[in-house]
Amino acid sequence: MFIQIGTPERLSSIGQEKIDLKEAKAKIEIAVLDDNAFAPKESLVNHNFRIRELGPDIRSTEIIAPYPIIICDVRGVGKAFGSPLEGAHLVSEIRKDYPDKYIISYTGETYSLPITNALASADKRLAKDDSLDVWIKTLETGLNEISNPRNRWIRLRAALLLRGVELHNVFNLEQALIKSVREKKPDILEKKAMSSSISAEAKDLVVKFSATALAALIGSALGI
Amino acid sequence: MRYDKQNKKILELSGKLALLERQNAELKAEAETTKEILNNTLHEIRRFSAQLSKFCEKLSRDTSGQTNLNQTALSVFYTAGMISSRLAYTDIELNPRAIESQTPIRSGIFKKFDKAKRILTEEAKNKGVNVNLVGESRTEIEALPVFELLPFVIIENAIKYSPPNQVVEIIFENYSGKQLVTIKSQGPDVTKDELQRIFEKGFRGASARTMPGEGLGLFLAKRVCEFQGISICAEVRDGRNYTLNGIRYCEFLIIIKF
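Every value quoted in this text rests on a predicted model; they were computed, and no experiment measured them. (Residues numbered from 1 in each chain as written. Chains lettered and ligands numbered in written order. Predicted model: local features only at pLDDT ≥ 70, side-chain atom pairs only at ≥ 80, totals over all residues.)

Student: Honestly, the packing of helix 2 (residues 67-94) of chain B against helix 3 (residues 109-119) of chain B in this entry has me stumped. Any pointers?
Tutor: When two helices pack together, their arrangement is given by the angle between the helix axes and the distance between those axes. All names here are of chain B. Where helix 2 contacts helix 3, the two axes come as close as 9 Å, and the packing angle between them is 110 degrees. With respect to their mutual orientation, helix 2 and helix 3 come out roughly perpendicular. Contacts from Leu74, Ser75, Tyr78, Thr79 and Met82 in helix 2 reach Lys115, Arg118 and Ile119 in helix 3. Tallied by class, residues from the contact of helix 2 with helix 3 come to four nonpolar, two polar and two charged. (Axes fitted to C-alpha atoms, helices over the stretch in contact; angles between N-to-C directions. Helix = DSSP H or I, 4+ residues; strand = E, 2+ residues; numbered from the N terminus. Parallel < 35°, antiparallel > 145°, perpendicular 65-115°, else oblique. Contact = placed C-beta atoms within 7 Å. Nonpolar A, V, L, I, M, F, W, Y, C, P; charged D, E, K, R; others polar.)

If you want it as structure tokens, here you go:
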């Protein structure tokens, strides 16, 4: 039995602000992992998206930590991870380490059943030659999703529950998140995670989230 | 029991089984090779198609002041889009789950038909066929990438089967709150029985059998309509039949209801 004093804050009390898409486009950099030049880059830049090509040779998922939206090709990408599924495997590794990121995979083999299954952890699967309209719609959806701290927390929360973190611990972390956003101090959540009796893996996820996603969102809200 | 006869039979069957197993292994290896070739080809076509779209988009931007050049650049750009659309259809044929990952885009119906008409301008011109868009439509739908195929194959079919110097009309009407698009053209005569089967894969009416074609256009159109949840039917106008160069023609209508 436990007694908790006070009224819990509602998650719906944060992240209700309308996203300024123009501002989000100007501020948020989108990472592309591809062994070839990213064909829609120029057109997307003309539509004011910020695209950063990181190449195919990713040796650790840490390299994509600063980018909330990742576009990942399947063939010839992430070979260092040693999986025959190449980029599809990298997508699931990124998802494991950063559950809150918006991941777009794209491939020339959109029909392939093994690849479709392997890409289940991507938010969106696109074809290499999808139209510019499709790219714009997908990236705008991604910007809306990742600009909202509530949505990003919901993604992380699902990952914590999947890893067996107790509901009560998740609740306490959620309260810390709300306080972090309200007081514009990402370290409130980080400190809470460090002092929680949760697994090292879960702790790591929350700490990474505070240091990257939450810090960036709060920084953006403060105009930094 | 005649053991010799039975043993001989077992030996024969074992030999046949070994042969079948060998053939099976060969066929599996062949299927794997074919699959790999298909994977590589589709991958590369998509890559080139993306490049083509990129260059054409740039070209159409850079030539915005030069009408003819700009029109050609746009036609190439739209044609590259048709490659993508056709491949999107192939994806669904090979793996029906592929439709789940296709992103619908809010698009105007009129614009889609106009785009298909532009791609087919040369084909129509070579045959002396005029393709006219009649009426207006502001109806928009959540169009899957595969939708582009629908106006294209229907207008292409209408041009292909039309006698020279005729008109293909694409009529936009509102009926009981629904958007109707009717493609009216002159085509080889279709009997009532044939009309029932006109959307079947590979089916061709008796009057059309001497003309080039594979009976795929309307089949594709029907499938795309199924993916999009729209209805399509074919009609023939009675009493307007005539014979030209030994082929019996009629007024042929394709009606799409959105």
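Student: Would you take a moment to explain helix 7 (residues 217-228) of chain B for this structure?
Tutor: Residues lying three or four places apart along an α-helix face the same way, a consequence of the helix completing one turn every 3.6 residues. All names here are of chain B. Helix length check: helix 7 (twelve residues) gives 17 Å between terminal C-alpha atoms against 16 Å at 1.5 Å per residue, within 8%. Within the span of helix 7, buried status applies to Gly217, Leu218, Leu220, Ala221 and Val224. Down the axis of helix 7, the buried set is contained in an arc of 155 degrees. They therefore lie on one face. Check the buried side of helix 7 and you find it contacts helix 2, helix 5 (149-161) and strand 6 (231-244). Downstream of helix 7 by one or two residues, Gly229 has phi in the positive range, about 70 degrees. (Expected span 1.5 Å × (residues − 1). Buried ≥ 20, exposed ≤ 12 C-beta atoms within 10 Å, placed from the backbone. Arc of directions from axis to C-beta.)

Student: How do you make sense of the interface of chain A and chain B when you look at a structure like this?
Tutor: Interfaces are often sized by the accessible area lost when the parts come together. Between chain A and chain B, the residue contacts involve 23 residues of the former and 26 residues of the latter. Contributions of two or more residues to the side of chain A that touches chain B are made by helix 2 (41-46), helix 4 (113-118), strand 5 (124-127) and helix 5 (132-146) of chain A. Looking at the side of chain A that touches chain B element by element, the count peaks at four residues for helix 5 of chain A.

Student: Help me understand the pairing of strand 5 (residues 178-188) of chain B in this model?
Tutor: When a strand is regular, its side chains alternate between the sheet's two faces. All names here are of chain B. Taken together, the seven bridges between strand 4 (residues 167-175) and strand 5 define a ladder with antiparallel strand orientation. Looking across to strand 5, one finds that Ile170 is bridged to Ile183. In this structure, the hairpin formed by strand 4 and strand 5 is closed by a connection of two residues, where Ser176 is found at a positive phi of approximately 50 degrees. Across nine bridges, the pairing between strand 5 and strand 7 (residues 247-257) is antiparallel. Note that in strand 7 the partner of Val181 across the bridge is Ile256. (Pairing = 2+ DSSP bridges.)

Student: Would you mind going over the sheet that holds strand 1 (residues 29-33) of chain A with me for this structure?
Tutor: Sheet strands associate in pairs through backbone hydrogen bonding, adopting either a parallel or an antiparallel arrangement. All names here are of chain A. Pairing is parallel in the open sheet, where five strands are placed in the order 2-1-3-4-5. Two strands close off the open sheet at either side, each with one partner strand: strand 2 (50-53) and strand 5. Neighbour to neighbour, the strand axes of the sheet diverge by 25 degrees on average, direction disregarded. Pairing of strand 4 (residues 102-107) with strand 5 involves four bridges; the strand directions are parallel. Counted as the bridge partner of Tyr106 is Leu126 from strand 5.

Student: Explanation requested: the domain arrangement of chain A in the structure shown.
Tutor: Residues and elements named next belong to chain A. Split by domain assignment, chain A resolves into domain 1 (21-146) and domain 2 (149-221). Computed from C-alpha coordinates alone, the two centres of domain 1 and domain 2 are separated by 24 Å. With nine residues of domain 1 at the contact, the number on the domain 2 side is eleven residues. Broken down by class, the residue content of the side of domain 1 that touches domain 2 amounts to six nonpolar, no polar and three charged. (Domains from an automatic or database assignment.)

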